[in-house]
Amino acid sequence: MKKQIWSVVVVCAVLSGCASGVKLDDVPVEDRAATSKGAGSGSGVAVQGIGSGQGGAQTGMPTVLVDAKAAGQGPVGVAHVVFFDYDSFVIRAEARPVIASHAQFLQANKQRKASLEGHTDDRGGREYNLALGQKRADAVRQALSLLGVPESQLEAVSFGKEKLLSEGGSDIDQAKNRRVEIRY
């Protein structure tokens, strides 16, 4: 009887230790102050700001056209980065065609696998950003799954704020970091 009680206590302790206090189910805060123009960061990613590209004209956020490092490894001529609004894991409307193109590529190439790498800007704590990056990667994974891509071809991981695309402190620099990179 004592062994059973201790077993239950140990299991409860382990499970409570794995739980995160990070709240991501609340309505995300929207940053409407991001209005500056952006330029490329020298990382091989072509980024455009306001008034250029599909999403930049409407949201003021950067739009990645093609990631030169990923070209040839996935659908060519299609962005390999999906950007998110501040403190949000909701996929923006301009990212839907990008995700649809990757879904078509993955369905046509069943042997290929995609790693969905979630990233955040450098604001907030490490644990919170890891959780938010995972939510972003999971959102893209779910969108690809809904478009018919088998879960076995997808892996969603979070880097949080560990791999910044741009280290500047401006709004546009922060916006470049809030992303999911689709890698093959």
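Residues numbered from 1 in each chain as written. Predicted model: local features only at pLDDT ≥ 70, side-chain atom pairs only at ≥ 80, totals over all residues. Heavy atoms only, no water.

Undergrad: Where do I start with the confidence of the model for the protein chain in this structure?
TA: In the predicted model, the protein chain carries a mean pLDDT of 73, and 61% of its residues have values of at least 70. Counted against residues more than four places away or in other chains, residues 8-22, with its pLDDT under 50, gives five contacts. (pLDDT = per-residue confidence, 0-100. Contact = heavy atoms within 4.5 Å.)

Undergrad: Please explain the environment of His80 as it appears in this structure.
TA: Looking at the element boundaries, His80 is found in the loop between β2 (63-67) and β3 (81-83). For His80, a relative accessible area of 1% corresponds to the buried category. Remark: the alpha-carbon pair of His80 and Ile99, spanning 19 residues in sequence, is separated by 8.9 Å. Of the polar contacts made by the side chain of His80, one reaches the backbone oxygen of Val78; its length is 2.9 Å. (Helix = DSSP H or I, 4+ residues; strand = E, 2+ residues; numbered from the N terminus. Buried < 20%, exposed > 50% of the residue type's maximum accessible area, 1.4 Å probe, protein only. Polar contact = N/O pair within 3.5 Å; in protein donor to acceptor, adjacent residues only side chain to side chain.)

Undergrad: Looking at this model, I keep getting lost on the pattern of salt bridges. Mind explaining?
TA: Once their charged atoms are close, side chains differing in charge can pair, the charge on each being opposite to the other. Taken as a whole and judged by the stated rule, the model has eleven salt bridges. The closest approach of N and O atoms between Arg123 and Asp121, which form a salt bridge, is 2.9 Å. The exposure class assigned to Arg123 is partly exposed, which follows from its relative accessible area of 31%. Residue Asp121 is classed as buried on the basis of its relative accessible area, which comes to 4%. Where Glu181 meets Arg183, a salt bridge forms, and the shortest distance between an N and an O atom there is 2.3 Å. When salt bridges that share partners are traced, they join Glu117, Arg179, Glu181 and Arg183 into one network. (Salt bridge = Lys/Arg side-chain N within 4 Å of Asp/Glu carboxyl O.)

Undergrad: Before we go on, may I ask you to explain the pairing of strand β4 (residues 114-119) in this structure?
TA: One face of the sheet, then the other: side chains in a regular strand alternate in exactly this way. When you tally the buried positions in β4, you get six out of six residues, the bulk of the element. Residues of β4 alternate between two faces, with Ala114, Leu116 and Gly118 on one and Ser115, Glu117 and His119 on the opposite face, all of them buried. Strand direction decides the pairing type here: β4 and strand β5 (residues 154-160), joined by six bridges, are parallel. By the bridge assignment for β5, Gly118 is matched with Ser158. Following the backbone out of β4, through helix α4 (residues 126-146) and into the adjacent parallel β5, one traces a crossover that is right-handed. For β4 and strand β6 (residues 179-183), the ladder comprises four bridges, and the chain directions are antiparallel. Paired with Gly118 across the two strands is Val180, which belongs to β6. (Pairing = 2+ DSSP bridges. Right-handed = clockwise from strand over helix to strand, strands pointing away.)

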